[in-house]
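Residue-level structural notes
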Amino acid sequence: MKKILLLGLTALLGACQSMPPAPTASLDGEVFYLQRIALPATATLSVSLQDVSRMDAPAVTLAEQKGPVKGQVPLPFHLSYDPAQVKPGHRYAVTARIELDGKLLFMTTEQHAVQLNGQDPQPLRLRVNAVAH
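So, how was this worked out
- Residues numbered from 1 in each chain as written.
- Predicted model: local features only at pLDDT ≥ 70, side-chain atom pairs only at ≥ 80, totals over all residues.
- Heavy atoms only, no water.
- Phe/Tyr/Trp six-rings, centres within 6.5 Å; stacked < 30°, edge-to-face > 60°.
- Helix = DSSP H or I, 4+ residues; strand = E, 2+ residues; numbered from the N terminus.
- Buried < 20%, exposed > 50% of the residue type's maximum accessible area, 1.4 Å probe, protein only.
- Lys NZ or Arg CZ within 6 Å of the ring centre and 35° of its normal.
- Contact = heavy atoms within 4.5 Å.

- Named according to an unreviewed UniProt entry, the protein chain is Lipoprotein originating from Pseudomonas extremaustralis.

Digging into the packing of aromatic side chains
- The final tally for this structure, using the stated rule, is one aromatic pair.
- Ring geometry for Tyr33 against Phe106: centres 4.2 Å apart, planes inclined by 10 degrees, an arrangement best described as stacked. One end of the pair, Tyr33, is in the loop between β1 (25-32) and β2 (44-51); the other, Phe106, is in strand β6 (residues 103-107), with 73 residues separating them in the sequence. An identical accessibility class is assigned to Tyr33 and Phe106; each is buried.
- One Lys or Arg, Arg125, reaches over the ring of Phe32 and ends 4.3 Å from the middle of that ring.

Re the environment of Val31
- Along the chain, Val31 falls in strand β1.
- Owing to a relative accessible area of 0%, Val31 belongs among the buried residues under this scheme.
- Separated by 15 residues in sequence, Val31 and Ser46 place their C-alpha atoms 9.9 Å apart.
- In contact with Val31, other than residues within four places in its own chain, are Leu45, Val47, Val73, Pro74, Leu75, Phe77, Ala96, Ile98, Leu126 and Val128.

Some points on the side chain of Ser48
- Relative to the helices and strands, Ser48 is located in strand β2.
- Residues contacting Ser48, with those up to four places away along its chain left out, are Thr61, Ala63, Glu64, Leu79, Ala93, Val94 and Thr95.

A look at the side chain of Thr108
- By the secondary structure assignment, Thr108 is in the loop between β6 and β7 (112-114).
- Filtering out sequence-adjacent residues up to four positions away, Thr108 remains in contact with Thr95, Ala96, Leu126, Arg127 and Val128.

Here it is, written out as structure tokens:
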């Protein structure tokens, strides 16, 4: 009886072991703008890595960093993504936006394509432009 109980506990512990972490790759960079103005302390920065292959469908987000702005431009970012999600023949791009209280202040207006093959220049430099209100 003790052997059966011991075998059962061993099997249960084996099943409870955590899975090895998925391999990750990353992109590092900075977001900047040309205007000579300071950002409010409550502004937020969002940077996304997206699959932009299909023109007739919304982009698929592979990684995103979102949070309060820390300091002034250039604003650093770090995107970790699962390389298993990268599909041959697909196109990928990084976008950025700066908001204040849900109101868009700055955003990327040009596509910043990335290859995700280890050949992308790092740090990436993403220019955002002011949004007219």
